Amino acid sequence: MKKTAVSVIIAVIFAVMCSAGITANAADTTRTSLAAAEVVTSYESYSYRFKEVKPKVKVYLTVNEKRKRLTQDEDYKVTYSDNINVGTATITVKGINDYKGKAYGSFEITPLSIKSEDVTFTLLNKAYAGTAPSYSVKYKSQQLTEGTDYTFSAENYSKAGYRAAKATFKGIGNFVGSKTLKTSVYPHAVSGLKVNSVKGNSVRLSWNSLQREGVTAYRVYETNYNGYTVKRLAEVSSNSATVSISSGKVTYFRVCAVVNGKSTVSGDYSNTVSVSLKPGRTVSNYVARVAKKKILISWKATSCSGYQIAYSADKKFKSKVNYVYANKNSTSKRFKVKKANKNYYVRIRAYTKVGKAKKFGKWSKAYPSDFEKLYEFYSSYYVNKPNRTKNLKLASKKVDGTIVYPGQVFSFNDTVGPRTAERGYKPAPVFIGADKTEDGIGGGICQVATTIYNAALYCNFDIVERHQHSQKVTYCPLGRDAAIYWRSEDVKFRNTSKYPVKIRMYCSDGKLSCKIFTTGPKKAPKVTLKVGQNGETYTLKRHVNGGVNYTATSKY
C-alpha cells in the first residue's frame, strides 16, 4: 500500500474519534449536577432496630430559583452506610439519567432503653443460697447478649430469703439505662433424711441442718409412694421431728426447708423415706357358705397392703389351716374349699408390706361358715289336699336354701318364679273376689308367702312389700296374711341384720315352717306382734324395744 493511502485512512479514523468525543462532552454538559441537592428524611433520628435502618428519602434540587422534587430510580439511586448500630448513618444519593454527581444526607440511630416495657427478663434458674440467679433477656422476640447489649451483676444471694437478691442490668452498645430486679433466694434441698426410731404410732425423723443458709423452719410431709404430697404433718424449727401416723400402711415422708417472713420461701424436697406399721385388728362382718364348696367372708376395710384369710375345720386353728389372700381394696372374698360337708371356721387379718416382708396385724374373731344358728322361725298348718300340698312343696323347695345378705331384699316372686303346669304346679282353690273360689294353677302357695312374711316380722326385718287377701285365711291370725300374684303382688323384705341369713323351708305332715339361720353371734331382737280391730279393719303393729317400727292394715 502506498504511503499516501495509509495517511488518508489514519486521518479518517482520527476525524471519527474526534467527532465522537465532541458528542459525549456535549451530552455531559447537558446533565444537571446533584451536588447542591437537599436530601430529606421524615425524622432526624430512628431507634435501633437490630437491622439496617432505611428511611424513605426525599431529594429536592433548586434550579433557576425553582425548587423541584426529584424521583427515585428515575433521577437518582439511594444507598445507606453505618445504618445498623447506634450513631450517625449516611445517605448517599447518586444522580442517574438527566442528573449526575452525588448528594449526601444523614440521620441518627438512637439506643433502646433496657427499662423499656418491650424488654423482658426471664429467670432461667432460681437463686439458691450461695448461687446467683441467671436470666434470659429479650427485646420483644430478639434475644439480647450479655457483654454486647448489657452487663449483669447480682448481690445479696448468700442466704435464703424472700426477694433478697438484687440483679442489675446495664445497657451498653445499642442499649442505655439500667434495670434492677429483686428475686427470692431459696434454700437447698434437705439432705440426710432418715428414720431414727418408731414407737407405737410415732415416728422420729432427722435430717441435716441448713441453718447456715438462713433457714428458719422445716416442713414435714406425708407423701404417696411416688413422692407426691398428701398432707403436711409438722413444721419445726430444728432438724428433727416426731410425727404420728396410722397403723396398717406404708407411710412415706419428705422434708423441705423454709424461710418465713413477709412471704415464705420453700426449698426443694428432700429424699423420701418410708415407715411401715403393723395394721390393727381386722373386723370381720360375717362368714357364709354360699355354695357346697364356696365360702364368702366380708370385713371392714382398714389401711393395709392386703389381707390374709385363714380357714380350718379346727375351731382353734391348730391343724390343717389353709390360707387365701385378698388385695387392699377388697372388703369381701369368695374362695373354694375342698370338702362340702365340713363346717369351716374362717378368720382374717391385714398386713403391710415393705419390700418382700409382710407385717401382720391381729386375727379377727373366727366365724363358722355354715348357717348353724337359728335366728327366728314361724310355722303354719295346712290340710293335706294332694294338689295344694304339691304346690306348697314346690314353692317351699324353690325358697329353701336362699341366702339373703345384709341390706339385700328378698323377693318371693323372683325366688319362686312363675307358677305354671310345665313347672309342676297343680290346680287348687284360689280366691276370686270377696266370696268365691275356683281352681287355679299354683293355688295355695300364698300360705308359703304368709309363713315367710311372719318369719320376717319376727326377725325384725324391713317389710318392703306385702298385700292382703280378698277373703279370710285360716292358716294365720287375722291381719297377718300375705297374698301373692305373679308379676303384680309380691312379698319382699330387707335383711337389716349385720349378717347373711339362710332361709330353710320345711313342708311335711301338715306343717309348713320357715326357719331363718345365721352365722352371726347375735340373736334376733325381741319382737311382739299385736293385731287390733276397729270395725272391719285389722291393724298389725310390730313392737321392738318399746316402740312400734312396722304397721300394716287389712280387711281380714
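What counts, and at which threshold
Residues numbered from 1 in each chain as written. Predicted model: local features only at pLDDT ≥ 70, side-chain atom pairs only at ≥ 80, totals over all residues. Heavy atoms only, no water. Helix = DSSP H or I, 4+ residues; strand = E, 2+ residues; numbered from the N terminus. Contact = heavy atoms within 4.5 Å. Areas by Shrake-Rupley, 256 points an atom, 1.4 Å probe, with all protein chains shown as cover. Salt bridge = Lys/Arg side-chain N within 4 Å of Asp/Glu carboxyl O. Buried < 20%, exposed > 50% of the residue type's maximum accessible area, 1.4 Å probe, protein only. Axes fitted to C-alpha atoms, helices over the stretch in contact; angles between N-to-C directions. Parallel < 35°, antiparallel > 145°, perpendicular 65-115°, else oblique. Nonpolar A, V, L, I, M, F, W, Y, C, P; charged D, E, K, R; others polar. Pairing = 2+ DSSP bridges. Core = buried A, V, L, I, M, F, W, Y, C linked by side-chain atoms within 4.5 Å. Phe/Tyr/Trp six-rings, centres within 6.5 Å; stacked < 30°, edge-to-face > 60°. Lys NZ or Arg CZ within 6 Å of the ring centre and 35° of its normal.

**Q** For the overall build of the protein chain, give the residues involved together with the corresponding values.
**A** When helices and strands are tallied, the protein chain shows four helices and 46 strands. Expressed as lengths along the three principal axes of its C-alpha atoms, the size of the protein chain is roughly 170 × 70 × 65 Å. The contacts in the protein chain between residues at least 6 apart in sequence include a share of 59% that link residues at least 24 apart. Taken as a whole, the protein chain presents about 30600 Å² of accessible surface, with 47% of it coming from carbon and sulfur.

**Q** Can you lay out the pattern of salt bridges for me, pointing to particular residues and giving the numbers?
**A** Under the defined criterion, the tally for this structure stands at eleven salt bridges. Ionic pairing is found between R67 and E38, a salt bridge with its closest N-O pair at 2.8 Å. Highlighted residues: R67 in strand β5 (residues 66-69) and E38 in strand β2 (residues 38-41), separated in sequence by 29 residues. On the basis of relative accessible area, E38 is assigned to the partly exposed category, the value being 38%. A salt bridge links D400 to R504; the nearest nitrogen and oxygen atoms lie 2.7 Å apart. Residue D400 is located in the loop between α2 (386-399) and β36 (402-404), and its partner R504 is located in strand β42 (residues 501-508); the two are separated by 104 residues in the primary sequence. Exposure remark for D400: the relative accessible area of 27% places this residue in the partly exposed category. For R504, a relative accessible area of 28% corresponds to the partly exposed category. Members of the salt-bridge network, linked through shared partners, are R219, R232 and E235.

**Q** A description of the packing of α2 against helix α4 (residues 446-458) should follow, citing residues and the corresponding values.
**A** At their nearest, the axes of α2 and α4 sit 8 Å apart, and the two run at 45° to each other. Looking at the two axes, α2 sits oblique to α4. Of α4, the residues touching α2 (which contributes R388, L392, A395, S396 and V399) are Q447, V448 and I452. Taken together, the residues of the contact of α2 with α4 sort by class into five nonpolar, two polar and one charged.

**Q** If you had to explain unusual backbone geometry to someone new, which residues and values would you point to?
**A** Despite not being glycine, D82 has its phi angle at roughly 55°, a positive value. As for its placement among the helices and strands, D82 is situated in the loop between β6 (76-81) and β7 (87-95). Here D82 falls in the exposed class, since its relative accessible area comes to 56%. Positive phi, normally seen in glycine, also occurs at D509, with a value near 55°. Following the sequence through the fold, D509 ends up in the loop between β42 and β43 (511-518).

**Q** Outline the sheet that holds β5, listing residues and values.
**A** Taken together, three strands build an open sheet; the order of strands is β2-β4-β5 and the sheet is antiparallel. Since the sheet does not close on itself, it has two edges, and those belong to β2 and β5, each with one partner. Taking the axes of each pair of neighbouring strands and ignoring which way they run, one obtains an average angle of 30° across the sheet. Relative to β5, strand β4 (residues 57-63) runs antiparallel, the two being bridged by four bridges. Across the sheet, residue V63 finds its bridge partner in β5, namely K66.

**Q** Can you lay out the nonpolar core for me, pointing to particular residues and giving the numbers?
**A** If you look at the biggest cluster of nonpolar residues, it comprises 45 residues, and the most contacted ones within it are F412, I452, Y453, F493, I503 and I516. Among the elements that take part in this core, α4 stands out by supplying eight residues, more than any other. In contact with F412, other than residues within four places in its own chain, are A395, V399, G417, R419, I445, V448, A449, I452, I484, D490 and V491. Counting 32 residues, the second largest nonpolar core, distinct from the first, contains A89, F121, Y135 and F175.

**Q** Report on the side chain of N460, specifying residues and quantitative values.
**A** Relative to the helices and strands, N460 resides in the loop between α4 and β40 (462-465). Every residue in contact with N460, bar those within four places of it in the chain, is listed here: T496, P525, V527, R542, V544 and N549.

**Q** Tell me about the packing of aromatic side chains, and please be specific about residues and values.
**A** Going through the model one piece at a time under the given rule, you end up with 24 aromatic pairs. On the basis of an interplanar angle of 80° and a centroid distance of 6.3 Å, the ring pair of Y325 and Y351 is categorised as edge-to-face. With a gap of 26 residues between them, Y325 in strand β30 (residues 322-327) and Y351 in strand β32 (residues 345-354) connect regions that are remote in the sequence. Since its relative accessible area comes to 40%, Y325 is described here as partly exposed. In this structure, R349 is placed above the aromatic ring of F360, and the distance from its NZ or CZ to the ring centre is 4.0 Å. Seen from the ring of Y351, K358 lies directly overhead, with NZ or CZ sitting 5.4 Å from the centre.

**Q** So what about the sheet that holds strand β3 (residues 45-47)? Which residues, and what values?
**A** Pairing in this open sheet of four strands is mixed, and the strands run β3-β9-β7-β6 from one edge to the other. If you trace the sheet from one side to the other, it starts and ends with β3 and β6, each paired once. In this sheet, adjacent strand axes meet at a mean angle of 30° when their direction is disregarded. The pairing of β3 with strand β9 (residues 102-110) spans three bridges and is classified as parallel. Its bridge partner being in β9, S45 is matched across the sheet by E108.

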